[in-house]
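Tertiary structure, described
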Amino acid sequence: MDANILNKEVLSVEDIQKYLGVSRNSAYNLVKSGELYTVKVGRRWIISKNVFLNWLNGNATNNN
C-alpha cells in the first residue's frame, strides 16, 4: 500500500483510485455503490482507512 495512505486515517476517492489502479470513474462508482461506508463532506467523499482495508480483505459490511 502507498506509504501516504498508511499514514492517513481518512482516505479520499483519489487515494482509493491510486491504490486500486482504477479510473476516476471506477473509484467514484465504488464509493457511490454502497459497498463502502462513506461520508460526503461538501463536495468530497471520505472513507475511513479501516473501512477500506476491511472491504479490500473481504470483511466489509454494508453500513451505508
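Before reading on, note that the structure itself is shown above.
Below, the structure is looked at part by part. (Residues numbered from 1 in each chain as written. Predicted model: local features only at pLDDT ≥ 70, side-chain atom pairs only at ≥ 80, totals over all residues. Heavy atoms only, no water.)

Considering the nonpolar core
As a reminder of what qualifies: Here, the term nonpolar core denotes a set of buried Ala, Val, Leu, Ile, Met, Phe, Trp, Tyr and Cys residues that are joined through side-chain atoms within 4.5 Å. The rule is simple: take the accessible area with a 1.4 Å probe, protein chains only, and divide by the maximum for that residue type; under 20% is buried, over 50% is exposed, in between is partly exposed. To qualify as a helix, a DSSP run of H or I must reach at least 4 residues; to qualify as a strand, a run of E must reach at least 2; elements of each kind are numbered from the N terminus.
Core analysis: the biggest nonpolar cluster contains 10 residues, these being Ile5, Leu11, Val13, Ile16, Ala27, Leu30, Val31, Leu36, Ile47 and Phe52. For this core, the leading source of residues is helix α3 (residues 24-33), giving 3 residues.

Notes on the pattern of salt bridges
Quick note on the threshold: Salt bridges, as used here, are contacts in which a Lys or Arg side-chain nitrogen is within 4 Å of a carboxyl oxygen on Asp or Glu.
Taken as a whole and judged by the stated rule, the model has 2 salt bridges. Asp15 serves as the salt-bridge partner of Lys8, at 3.0 Å between the closest nitrogen and oxygen. The class for Lys8 is partly exposed, based on a relative accessible area of 31%. The class for Asp15 is buried, based on a relative accessible area of 9%.

Spatial relationships are all this shows, so hold off on functional conclusions.
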